[in-house]
Amino acid sequence: MPEVLTADAGPPAVHLLQQVIASRKAGDPLAPVTVVVPSNYAGLSLRRKLAAVPPGLANVGFLALARLAELLGAPSLAQAGRRPLSPAVLAHAMRGALAADPGVFKEVAAHPATERALVRAYTDLRALGPPALEALSRRSERVADVVRLVLAVRARLAPNWYDAHDLLQAAARAVRTGPAAALADVGHVVVYGPRRPSPAEAGLLDALGDRATVVEARVDRAAPLAADEVVGAPDPDQEVRAALRGVMARLERGVPLHRMAVLHPGTGPYPLLVSQHLAAAGIPANGPAVRRLRDLVAGVALLGLLRLPEGGWHREDVIAWLSAAPVLDQAGRVVPASGWDDVSRLAGVIEGIDQWQDRLSRFESAMAEELAALGEAEEDESGHRSRSRLERNRERAEGLRRFMGELGAAADPAGRTTWAAYASWAAGLLDRYLGGEARHGGWPEAEQEGWRSVRGALDALAGLDAVARGEPVEPATFLRALDQQLDAAAGRLGTFGDGVFVGPLTAARGTDFATVFVLGLAEGTLPAPDRHDALLPADAATTEGSDAGHDNGPEAEHDPVAEHDPVAEDQEDLLAALAAAPERVLLWPRLDPRRGRERLPSRWLADVPADRHRTIESFAAGAAAAHPADTPLSLADYDLASLARWSNAGGRAADHFLVGELPRLATGLEAAAARTSPRLTRFDGLVGADASAAAGLGAVMSPTSLEVYAACPMRYLLRQVLRIAAPDKPEEILRLRPIDKGTLVHGVLERYVRTLLDGQPRDLGRLLAIAHQAFAEIESRGLTGKPLYWRYERELLLRELRRFHDEDRLSPIAAELAFGMDGEAPVTVALDDGRALRFRGSADRVDTDPAAHDALVVTDYKTGGLTDYEDLRRNAEVDPVDRGRKLQLPLYALAAADRHPTDQPVRARYWFTSERGRFESIGYPVDERVLARLREVLAVVADGIANG
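For every chain, the first residue of the written sequence is number 1, and numbering continues from 1 onward in sequence order. Side-chain atom pairs in this predicted model are given and counted only at pLDDT of 80 or more, local residue features only at pLDDT of at least 70, and totals for whole chains, interfaces and linings cover all residues. Water and hydrogen atoms play no part in the side-chain values, which are based on all heavy atoms of the structure.

1. Considerations on the overall build of the chain
Under the convention used in this document: Numbering goes from the N terminus for both helices and strands, where a helix is a DSSP run of H or I of at least four residues and a strand is a run of E of at least two. Between buried and exposed lies partly exposed: a residue is buried under 20% and exposed over 50% of the maximum accessible area for its type, with that area taken using a 1.4 Å probe on protein chains only. Should any heavy atoms of two residues lie within 4.5 Å, those residues are considered in contact. Note on areas: these come from Shrake-Rupley sampling with a 1.4 Å probe, and a residue is covered only by the protein chains present in the view. When charges are counted, Lys and Arg contribute as positive and Asp and Glu as negative, whereas His and the chain ends are disregarded. We put the charge of a Lys on NZ, of an Arg on CZ, of an Asp on CG and of a Glu on CD.
A count of helices and strands for the chain gives 34 helices and 25 strands. Its C-alpha atoms put the chain at 125 × 75 × 50 Å along the principal axes. Going through the 948 residues of the chain one by one, you find that 47% of them count as buried. At a minimum sequence separation of 6, the contacts of the chain that also span at least 24 residues come to 76%. Summed over its atoms, the accessible surface of the chain is roughly 44700 Å², and 53% of this surface lies on carbon and sulfur atoms. When the 110 basic and 131 acidic side-chain charges of the chain are each reduced to a single mean position, those positions are 0 Å apart.

2. Some remarks on the packing of aromatic side chains
Threshold: To pair, rings of Phe, Tyr and Trp, with the six-membered ring standing in for Trp, must have centres within 6.5 Å; the planes then decide the type, stacked if under 30 degrees apart, edge-to-face if over 60, and tilted in the middle.
In total, this model carries 21 aromatic pairs according to the counting rule given. Residues Phe775 and Trp790 carry aromatic rings whose centres are separated by 5.5 Å and whose planes lie at 85° to one another, so their mutual orientation is edge-to-face. With Phe775 in helix 30 (residues 764-780) and Trp790 in helix 31 (residues 787-807), this residue pair connects regions lying 15 residues apart in the sequence. You'll find Phe775 and Trp790 in the same group, each marked buried.

3. Quick notes on the side chain of Thr681
Of note, Thr681 is situated in the loop between helix 25 (663-675) and helix 26 (691-694). Each residue touching Thr681, except ones within four places of it in the same chain, is listed here: Ala674 and Leu686.

4. Focus on the nonpolar core
Selection rule: Grouping buried Ala, Val, Leu, Ile, Met, Phe, Trp, Tyr and Cys residues that are joined through side-chain atoms within 4.5 Å yields what is termed a nonpolar core.
Ranked by internal contacts, the top residues of the largest apolar core, which has 91 residues, are Trp321, Leu322, Phe403 and Phe478. In this view, Phe478 contacts Leu306, Trp419, Tyr422, Ala423, Trp425, Ala426, Leu458, Leu461 and Val473; residues no more than four positions away in its chain are not counted. If you look at the next biggest cluster of nonpolar residues, it comprises 48 residues, including Leu697, Ala876, Leu891 and Tyr910.

5. Regarding unusual backbone geometry
Across the junction of Pro54 and Pro55, the peptide omega takes the value 5°, indicating a cis bond. If you trace the backbone, Pro55 turns up in the loop between helix 2 (40-51) and strand 3 (60-64). Across the junction of Leu526 and Pro527, the peptide omega takes the value 0°, indicating a cis bond. Within the fold, Pro527 resides in the loop between strand 13 (515-518) and helix 21 (566-578). Backbone geometry places Asp854, a non-glycine residue, at a positive phi of 60°. Topologically, Asp854 is positioned in the loop between strand 22 (841-849) and strand 23 (855-862). Exposure remark for Asp854: the relative accessible area of 46% places this residue in the partly exposed category. Of note in this structure, Arg918 is not a glycine but carries a positive phi near 55°. For Arg918, a relative accessible area of 44% puts it in the partly exposed group.

6. A word on the packing of helix 5 (residues 112-125) against helix 7 (residues 141-157)
A pair of packed helices is characterised by two quantities: the angle between their axes and the separation of those axes. Stated formally: Think of each axis as a best-fit line through the C-alpha atoms, taken over the contacting stretch in the case of a helix, with angles from 0 to 180 degrees between the N-to-C directions. By definition in this entry, angles of less than 35 degrees are roughly parallel, angles greater than 145 are roughly antiparallel, angles of 65 to 115 are roughly perpendicular, and the rest are oblique.
Running from N to C, helix 5 and helix 7 cross one another at 80°; their axes reach a closest spacing of 10 Å. Considered as vectors, helix 5 and helix 7 are oriented roughly perpendicular to each other. Together, Leu118, Ala121, Tyr122 and Leu125 of helix 5 and Val146, Val147, Leu149, Val150, Val153, Arg154 and Leu157 of helix 7 make up the contact between the two elements.

7. Here's the deal with the sheet that holds strand 11 (residues 492-493)
Each strand in a sheet pairs with another by means of backbone hydrogen bonds, the pair being arranged parallel or else antiparallel. Keep this limit in mind: Paired strands are those between which DSSP finds at least two bridges.
The 8 strands lie next to each other as 11-10-12-9-13-14-8-17, forming an open sheet whose pairing is mixed. The open sheet has two free edges, formed respectively by strand 11 and strand 17 (613-615), since each of these has just one partner strand. Packed on one face of the sheet, helix 10 (residues 236-252) meets strand 8 (229-233), strand 9 (260-264), strand 12 (500-504), strand 13 and strand 14 (583-589) and runs near 160° to strand 14. Lying on the sheet, helix 21 is in contact with strand 9, strand 13 and strand 14; it crosses strand 13 at an angle near 150°.

8. Some details on the environment of Ile778
Checked against the element boundaries, Ile778 lands in helix 30. Taking the relative accessible area as the measure of exposure, Ile778 reaches 6% and is therefore buried. Not counting the four nearest positions on each side in its chain, Ile778 is found in contact with Leu736, Asp740, Leu744, Leu783, Thr784 and Trp790.

9. Quick notes on the environment of Arg245
Selection rule: Here a polar contact is taken to be a pair of N or O atoms separated by no more than 3.5 Å, where protein atoms must pair a possible hydrogen donor with a possible acceptor and residues adjacent in sequence count only if both atoms sit in side chains.
Mapped onto the secondary structure, Arg245 falls in helix 10. Residue class for Arg245 comes out buried when judged on its relative accessible area of 2%. Sequence separation between Arg245 and Ala279 is 34 residues, and the spatial gap between their C-alpha atoms is 14 Å. Residues in contact with Arg245, not counting those within four places in the same chain, are Gly622, Ala623, Ala629, Asp630, Thr631, Leu633 and Asp637. At 3.0 Å, the side chain of Arg245 forms a polar contact with the side chain of Asp637.

10. Describing helix 6 (residues 130-137)
For the record, the criterion: Directions drawn from the helix axis to the C-beta atoms are what define this arc.
Within helix 6 the residues assigned to the buried category are Ala132, Leu133 and Leu136. Buried residues of helix 6, seen end-on, are gathered within an arc of 95° and therefore sit on one face of the element. Among the exposed residues of helix 6, those oriented more than 90 degrees off its buried face are Pro130 and Glu134.

11. Some words on the pattern of salt bridges
Stated formally: Here, a salt bridge means any Lys or Arg side-chain nitrogen found within 4 Å of an Asp or Glu carboxyl oxygen.
Here the structure, examined in full by the defined rule, presents 65 salt bridges. The salt bridge partner of Arg82 is Asp166, with a shortest N-O separation of 3.3 Å. Of this pair, Arg82 sits in the loop between helix 3 (65-79) and strand 4 (83-84) while Asp166 sits in helix 8 (residues 164-177); the two residues are 84 residues apart in sequence, bridging distant segments of the chain. A single burial state applies to Arg82 and to Asp166, both of which are buried. Shared partners join several salt bridges into a network, and the residues in it are Arg292, Arg294, Arg307, Asp483 and Asp487.

12. Observations regarding the sheet that holds strand 20 (residues 827-830)
Reading across the sheet, the 3 strands line up as 18-21-20 and stay open at both edges, with mixed pairing between neighbours. A strand with exactly one partner marks an edge of an open sheet, and here the two such strands are strand 18 (700-701) and strand 20. Pairing between strand 20 and strand 21 (residues 836-839): 4 bridges, direction antiparallel. Following the sheet pairing, Ala830 is matched in strand 21 by Ala836. Packed on one face of the sheet, helix 34 (residues 928-946) meets strand 20 and strand 21 and runs near 85° to strand 20.

13. Considerations on the packing of helix 4 (residues 87-100) against helix 5
Selection rule: Here a crossing is taken to be left-handed if its near helix is turned anticlockwise relative to the far helix by less than a right angle, and right-handed if that turn runs clockwise. In the scheme used here, Gly and all other residues not listed as nonpolar or charged are polar, with Ala, Val, Leu, Ile, Met, Phe, Trp, Tyr, Cys and Pro taken as nonpolar and Asp, Glu, Lys and Arg as charged.
Running from amino to carboxyl end, helix 4 crosses helix 5 at an angle of 110°, the nearest separation of the two axes being 10 Å. For the element pair helix 4 / helix 5, the angle class is roughly perpendicular. Where helix 4 crosses over helix 5, the two elements pack in a sense that is right-handed. Between helix 4 and helix 5, the residues in contact are Leu90, Ala91, Met94, Arg95 and Leu98 and Thr114, Glu115, Leu118, Val119 and Tyr122, respectively. Taken together, the residues of the contact of helix 4 with helix 5 sort by class into 7 nonpolar, 1 polar and 2 charged.

14. Thoughts on the environment of Leu605
Inspection of the secondary structure assignment puts Leu605 in the loop between strand 16 (597-598) and strand 17. Along the backbone, Leu605 and Leu225 are 380 residues apart, and their C-alpha atoms lie at a distance of 6.8 Å.

15. Some thoughts on the confidence of the model for the chain
Applied cut-off: Confidence scores here are pLDDT values: one per residue, from the predictor, ranging 0 to 100.
On average, residues of the chain score 88 in pLDDT, and 95% of them reach the 70 mark or higher. Averaged pLDDT values over the elements of the chain bottom out at 56 in helix 26 and peak at 97 in strand 13. Note on residues 543-562: pLDDT under 50 across the span, and 50 contacts to partners over four residues away in sequence or across chains.

16. Brief notes about a nonpolar patch on the surface
Short version of the rule: Within this analysis, patches are made of residues with over 30% relative accessible area and no salt bridge. Like charges are joined at 9 Å or less; nonpolar side chains (Val, Leu, Ile, Met, Phe, Trp, Tyr) at 5 Å or less.
Residues Met714, Leu718, Leu722 and Ile724 make up a contiguous nonpolar surface patch of about 350 Å² in total accessible area. As for its position among the elements, Leu722 is in the loop between helix 28 (713-721) and helix 29 (738-757).

17. So, helix 15 (residues 353-374)
Quick reminder of the rule: The length a helix should cover is 1.5 Å for every residue beyond the first.
For helix 15, spanning 22 residues, the distance from its first C-alpha to its last is 32 Å, which sits close to the expected 32 Å at 1.5 Å a residue. Of the residues making up helix 15, those classed as buried are Ile353, Gln355, Trp356, Arg359, Leu360, Phe363, Glu364, Met367, Leu371 and Leu374. Taken down its axis, helix 15 places every buried residue within 155° of arc, on the same side. Seen from the open side of helix 15, the exposed residues pointing more than 90 degrees away from its buried face are Asp354, Glu369, Ala372 and Ala373. For helix 15, the secondary structure elements touched by its buried residues are helix 13 (315-324), helix 14 (337-346), helix 16 (387-410) and helix 30.

Given below as structure tokens:
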């Protein structure tokens, strides 16, 4: 057995290590000594610390135990023809065992979560010998099946593969039976600050015997937590800011960045938050990788592409993939993802390669027809359709259609059955859509390395044919295996010693710093809740009869102390991290912003004296950097602190020197002051008289645009002036939208009425035939929503059209009577002050009424309900234009009278051709009284627009 020496964690343990190394060298400075360390970071830290103390270090190696086991055990395993076991090989072996006999997992055998859970169980049970596994099998039927699958996987892998457990056993055998020369380069082994070893690790240490010494870095879990300061922050973001401000404060005091560490629990928002704030502040950092390969551009692009077919080529998935990486088109240019999003949305694409092709092709044709309709003009009368926009949309639709056609063929793995074939296919997709390696010279170094690592992951998957035993590979299986391969750390962050060390608590064991900041000291994070494996009992890994790592050694006895206790492990990790530095700052968040719940400080903070606690009340309080321990992170943070202190001291923010240097800050302060004042300002909607030109007040306008202003000037500003509108996504359409129903019905009735104008008799069959043709057209555009809703809407529309046919008794003389467009003169309304407003539009139909001596009747179809027209129905005699919200009828009447002169007042009506509207009509004769009210309202609206 190795000699075990103990000292308190921190400097005492490091000093003891130094003494042990010196004693094992026995006066020979060049005698080899190997120090087994908890991590590579601990090795680098210890090497630098010990080398700086006379007599320094010579011929002392610092290795993790796994690396020592590889040096000692890998040669014999390689000689036996066995290779290192990769996660992909283990997962494949587990899939094979499940497929052969799933047992109680039959119903969920194909689910990825089942495979992941069983792979985890394999790792947990790997150290147990046959007696322990047999005892475990008696717990339940489920556990028995888990053990059976683990043994099946062991049997399948044993001839050709080895894992960490096998490697440790092989290293122990090499120590016991190998030639002494094999250990000459290793020399005496000093194991420093280990966590509780696994049985196989203990077996290797036993084999080393007196050739090894264990230096235990003791932590006292019963002692109060040693903290210089405890900071309570509003949330994790402010917690990270507080820690990094503390880093900057100590940097000002002369503590080098490489002597400070920011540690976190390893989960939750902390790794990403710390990385983002450090990058924003320009503070160099090092430590374990924050991101996985799947999070880098190459991983995102490849996984996203391979998932498109299983998602049915859904539009949102395709656009998300195009937007997530610099995907290349056929000409090798980065695709216009935003533009392709627009045209695919306008084309009504939802999912399916065939739909992409069909609807984009239809959209191209529609754009070509609109371009032809423009003739030589650069834009239409409304100004909403320009030649340049139509041409751009047509070109984008054509490019996207061709791209999707190629992509659909390229992403089809048909005919591939081996891992090598799939890996080669995936590598080809990566090259095609991201370009070859030569193209990535401008990428960040981490992304370039990520690209190479993803290609390496594909090479590793190609090697699975050696274990597949000729079994054909399904696309879903390949994708699952690739996803597992890319769930690996993406390199590392920086170089150790260059900047602040950032990492999980476990990475700090055995390191040496001047100051450590520990984040996340809240209940539920540190300590974390106990999460037992769903497949195994909590004490599965410590069942009696565990394999201690000897080939034929005695079975290890059950040790209750060694049972898995996650709270105790978290506490030991925390204490070991705190031992790495003489100054310790602990932080915790009072709120979980994702769940909106209050957090409680960790139970371990209760023993820290009250005078060492401080609280950051808010973002503003933290930004003020009033506490000596806080220094701004960056120039922007410094400016914010300066402004906060100025305001807190009673100064007016508008008088601060930054307002003169930062125009955006000046504008923001002006906006804040204006919004709280009683005056109407540009920040409340007073946009200035120039808005009349932007709104086209002097041009030909549509009645509905002014109706929008009368109802809501802000909506008018957004829609008519700024042209801002929320885009409608075809995949979000559940049922036929009211606007699309209106367009559909108007189109059907126009086509039908034109047949009457051509002299054909009224005929219900012809009306319904036109409707069915229109139904097919709107279905092809993806505007009808879910099939079940659409079946109901079709039947409803057909009922409403039948009733229209029964109730229509007027004699049409015009359909879609245009004015101010299509070469027709606009309707001009002269206001009392001399101004003239011109309007464009199209009246749905103009009829003569045989029952009223052929008086003209103008009809505007409405396909919705009556709710928005109740005020007009009640007050038509008093206010026929409803305070400007219903301008269409008198303007349509003026257009009809201009085209079909008459001595009688034109009657104008809204006809509700729907069951919701009960086929009622709301209207009135457009006489001088109505026109006077129209002029009055138009003057008010025009004044409002002209004055901004």
